[in-house]
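Spelled out from the first residue to the last, the chains are:
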Amino acid sequence: MVETIKESFIRFLRGEFDVRESGREISFSCPFCGDDDGRHFSFNTVKKVGHCWKDSDHAFNMIGFIIAYKKLDYYEALAFLSGRKRISSLDSLRDKIRDIKLLAPKELKIEDTHFSVALPKKSVSLFDDIVPNEVKKWFLKRTDTLSPKLRKKVIDPYFCLDKNSKHLYRVIFKLECEGNTSYLSYNPIKYGKKTYNPPGNFNSSILGFYKFSKAFPVIILNEGFFDSVRLISYGYAAMPLFGKYISKTQLLLLDDVSPFEVCVCLDGDANKDTVKLAKKLNSFLDCRVSYILIDNKKKDPDKLSKLEFDILFSNRKTVSLVSSGVF
Ligand SMILES: [Zn+2]
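Residues numbered from 1 in each chain as written. Predicted model: local features only at pLDDT ≥ 70, side-chain atom pairs only at ≥ 80, totals over all residues.

Chemist: What am I meant to see in the overall build of the protein here?
Modeler: The secondary structure content of the protein amounts to eleven helices and 15 strands. When the 327 residues of the protein are sorted by exposure, 36% land in the buried category. Contacts spanning at least 24 positions in sequence make up 56% of the contacts within the protein whose residues lie at least 6 apart. (Helix = DSSP H or I, 4+ residues; strand = E, 2+ residues; numbered from the N terminus. Buried ≥ 20, exposed ≤ 12 C-beta atoms within 10 Å, placed from the backbone. Contact = placed C-beta atoms within 7 Å.)

Chemist: Hey, could you run me through the sheet that holds strand E6 (residues 123-125) in this one?
Modeler: Two orientations exist for strands paired in a sheet by backbone hydrogen bonds: parallel and antiparallel. One open sheet accounts for five strands, arranged E6-E7-E8-E9-E10; its pairing is antiparallel. Edge positions in the sheet fall to E6 and strand E10 (195-196), since each of these pairs with one other strand and no more. As judged from the three bridges shared by strand E7 (residues 157-160) and strand E8 (residues 171-177), these two strands associate in the antiparallel manner. Across the sheet, the residue bridging to proline 157 is phenylalanine 173, located in E8. (Pairing = 2+ DSSP bridges.)

Chemist: Sorry, what's going on with the environment of leucine 161 here?
Modeler: If you trace the backbone, leucine 161 turns up in the loop between E7 and E8. Remark: the alpha-carbon pair of leucine 161 and lysine 121, spanning 40 residues in sequence, is separated by 7.9 Å.

Chemist: Explain helix H1 (residues 5-16) here, please?
Modeler: In an α-helix, one turn spans 3.6 residues, which is why side chains three or four residues apart end up on the same side. Here H1 is twelve residues long and its end C-alpha atoms lie 16 Å apart, about the 16 Å a rise of 1.5 Å per residue gives. Residues of H1 that are buried include every one of Ser8, Phe9 and Leu13, and no others. Taken down its axis, H1 places every buried residue within 140° of arc, on the same side. (Expected span 1.5 Å × (residues − 1). Arc of directions from axis to C-beta.)

Chemist: Looking at this structure, I do not really get the pairing of strand E4 (residues 49-52). What am I missing?
Modeler: Pairing geometry for strand E3 (residues 41-44) and E4, over four bridges, is antiparallel. Among the inter-strand pairings, serine 42 is bridged to a residue of E4, identified as histidine 51. Adjacent in sequence and paired antiparallel, E3 and E4 are bridged by four residues, among which lysine 48 carries a positive phi angle near 60°. Pairing of E4 with strand E5 (residues 59-61), which is carried by three bridges, proceeds in the antiparallel orientation. Looking at the pairing, histidine 51 lines up with alanine 59 of E5. Count of turn residues in the E4/E5 antiparallel hairpin: six residues.

Shown next, in the form of structure tokens:
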């Protein structure tokens, strides 16, 4: 089993400090207070946050603790805790990521990937009385295989009523990933541009349904939002890339959750890109990489029945581990 971030963090605490462990709490001398009298810093292993009893400024989640204590940046801290072979080769990890081709043609710099993009103005909940029933029906149809409970848990739909906005009468999906937020603006009508992203390529630094899907051993990567919704409704874990490419940040996010397997399943017209992406992922990630080719140009994962997808999934191809070393 691959060590989780939490396990790695606890191992680090045990090795670095004189810890006392009691129930869910691990306490030790606060390294940010600068004195040694007592165990003022307490880390809660359930909430995965820690704080100092003497100074309320000394409060961190696991990544924050490592950033402050080891004076690393976010991704270095992430790499430190996700550990494995990269603990000793942070620089080469960064170099490796910089060198990757076949990534999103345009994306944020890794250094710029802390952001919070506000939803378009006058976005109300899609379930608000003011939203036309046709729109609600459209949404329920697109997500008809998803249980109401999951629909509420994994999707946060809005509807834009701003007459001065290009988002007027569009459905807005709030995207959240590791503290970063953005949105996808979706046209529920057949004509017109299907999706608008916020300006600035923020979505290329987000993996959709990250929080929901990251705990699963197998993660499926799709192009579109509704593809992943469909597969989640069938009991799989899926994350949309919002395109055919994976960005450096998305790669780091995926690496961070250390799934047992990543399975690429792009749209039916993207077989070549699917294989390319799977091979690239295989040369980077420490997990099994597989892919699914939907042999029908007209079909996206969203359009497959559960039976059709189950069959495709059980026949997915694994990228040979031998074929790595592209870099
Ligand atoms: Zn302190």
